[in-house]
Amino acid sequence: MHLQAHKRSIVYCIVLSIVFATSVFAQGGMQLRRYITDLDSAKTLDELKKSEKNFVKLITEGKKVRESYYYAALSNILIAFKSEPNDIDEYCVKADAFLKKLDSISPNNSEIMVLFAMNSAAKITADPVKRSAKFGASANKYSERAIMLNGNNPRAHLIKARTVMSAPPKLGGGPKFAVKHYEKAIEKFKEFEPLAETEPNWGEAMAKRELKDCKSKLSAK
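Residues numbered from 1 in each chain as written. Predicted model: local features only at pLDDT ≥ 70, side-chain atom pairs only at ≥ 80, totals over all residues. Heavy atoms only, no water.

**Student:** Which residues make up the overall build of the protein, and what are the values?
**Tutor:** Within the protein, the secondary structure is distributed over nine helices and zero strands. Beginning at the N terminus, the succession of helices and strands in the protein can be written as α-α-α-α-α-α-α-α-α. Here the protein holds 221 residues, and the buried ones make up 42% of them. Of the roughly 12,800 Å² of accessible surface on the protein, a fraction of 58% belongs to carbon and sulfur atoms. (Helix = DSSP H or I, 4+ residues; strand = E, 2+ residues; numbered from the N terminus. Buried < 20%, exposed > 50% of the residue type's maximum accessible area, 1.4 Å probe, protein only. Areas by Shrake-Rupley, 256 points an atom, 1.4 Å probe, with all protein chains shown as cover.)

In structure tokens:
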């Protein structure tokens, strides 16, 4: 009798642990979805910084760590683009740290290469004259790899378009060469369906807006 009671106690503890773990996992998923929505609507530096803290909180709590690394990196990159030149490197360094951890968890991932490319582009903005050559080449390398890993990823084509758009004309940059990449990105956005609601699903509005700007610059010439 004592042995049976002991076995029932063990089974009860196992079931309780599974239920608790499932509850924590579900809660993490709900928080992540809410935080992604907040990031999508963030416009100001303060809103972006709040989003970054939310994702770091999830990482610290061990909830949805892979996705949280991704969005923490993206938040820092977006903050870098909005920051003053002297502050940009701080956020790019943080983004690099999250991306390196993420790359070790999920290697050869097109979406991660997109963020590496974006972060390289953000680094240029701290000092365009001195940094364009080095980090422009880095952004191009990562954008090419993003396309190679998944040619159907619309963000890979978008970041390639942005890289080409900002490159010097003598190196095949500018609107004349970027327009085809923007059009390719928009074509891929029409076909794209994220595998889950917490997977990357941003960039379509950006691609449309920047394609329009690209075409305006071409027609003005």
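**Student:** Describe the packing of helix α7 (residues 154-166) against helix α9 (residues 204-219), with residues and values.
**Tutor:** Interaxial distance between α7 and α9 falls to 11 Å at its minimum, and their mutual angle equals 30 degrees. Taken together, the axes of α7 and α9 are roughly parallel relative to one another. Helix-helix and strand crossings are classified by hand; for α7 and α9 the assignment is left-handed. Contact residues: α7 offers Leu158, Arg162 and Met165, while α9 offers Met206, Ala207, Glu210, Cys214 and Lys217. A per-class count over the contact of α7 with α9 returns five nonpolar, no polar and three charged. (Axes fitted to C-alpha atoms, helices over the stretch in contact; angles between N-to-C directions. Parallel < 35°, antiparallel > 145°, perpendicular 65-115°, else oblique. Left-handed = near helix turned anticlockwise from the far one by under 90°. Contact = heavy atoms within 4.5 Å. Nonpolar A, V, L, I, M, F, W, Y, C, P; charged D, E, K, R; others polar.)

**Student:** Pulling in residues and values, what's your account of helix α8 (residues 175-191)?
**Tutor:** Taking 1.5 Å of rise per residue, 17 residues should cover 24 Å, and α8 covers 24 Å from first to last C-alpha, within 8% of that figure. Contact partners of the buried residues in α8: α7 and α9. (Expected span 1.5 Å × (residues − 1).)

**Student:** Let's hear about the packing of aromatic side chains: which residues, and what values?
**Tutor:** For the structure shown, the criterion picks out five aromatic pairs. Look at Tyr69 and Phe98: their rings are 6.1 Å apart centre to centre, the planes differ by 45 degrees, and that puts the pair in the tilted class. Taken together, the residues span a long stretch of sequence, with Tyr69 in helix α3 (residues 65-82) and Phe98 in helix α4 (residues 85-105) at a distance of 29 residues. With relative accessibility at 12%, the residue Tyr69 sits in the buried group. Overall, Phe98 belongs to the buried group, its relative accessible area being 13%. Members of the aromatic cluster, each reached through a chain of ring pairs, are Tyr35, Phe55, Tyr70 and Tyr71. In this arrangement the basic side chain of Lys141 is found over the ring face of Tyr142, its NZ or CZ atom lying 4.7 Å from the centre. Its end group placed over the ring of Phe192, Arg155 keeps NZ or CZ at 4.6 Å from the ring centre. (Phe/Tyr/Trp six-rings, centres within 6.5 Å; stacked < 30°, edge-to-face > 60°. Lys NZ or Arg CZ within 6 Å of the ring centre and 35° of its normal.)

**Student:** Go over the pattern of salt bridges with me, naming the residues and quoting the values.
**Tutor:** A complete count under the given rule lists 15 salt bridges for this structure. In this structure, the salt-bridge partner of Lys94 is Glu52, at a minimum N-O distance of 3.3 Å. Taken together, the positions of Lys94 in helix α4 and Glu52 in helix α2 (residues 45-60) put the pair 42 residues apart, joining distant regions of the chain. Between Glu183 and Lys215 there is a salt bridge; the shortest N-O distance is 3.7 Å. Separated by 32 residues along the polypeptide, Glu183 in helix α8 and Lys215 in helix α9 bring together distant segments of the chain. Taken together, the salt bridges that share partners define one network made up of Lys57, Glu61 and Lys63. (Salt bridge = Lys/Arg side-chain N within 4 Å of Asp/Glu carboxyl O.)

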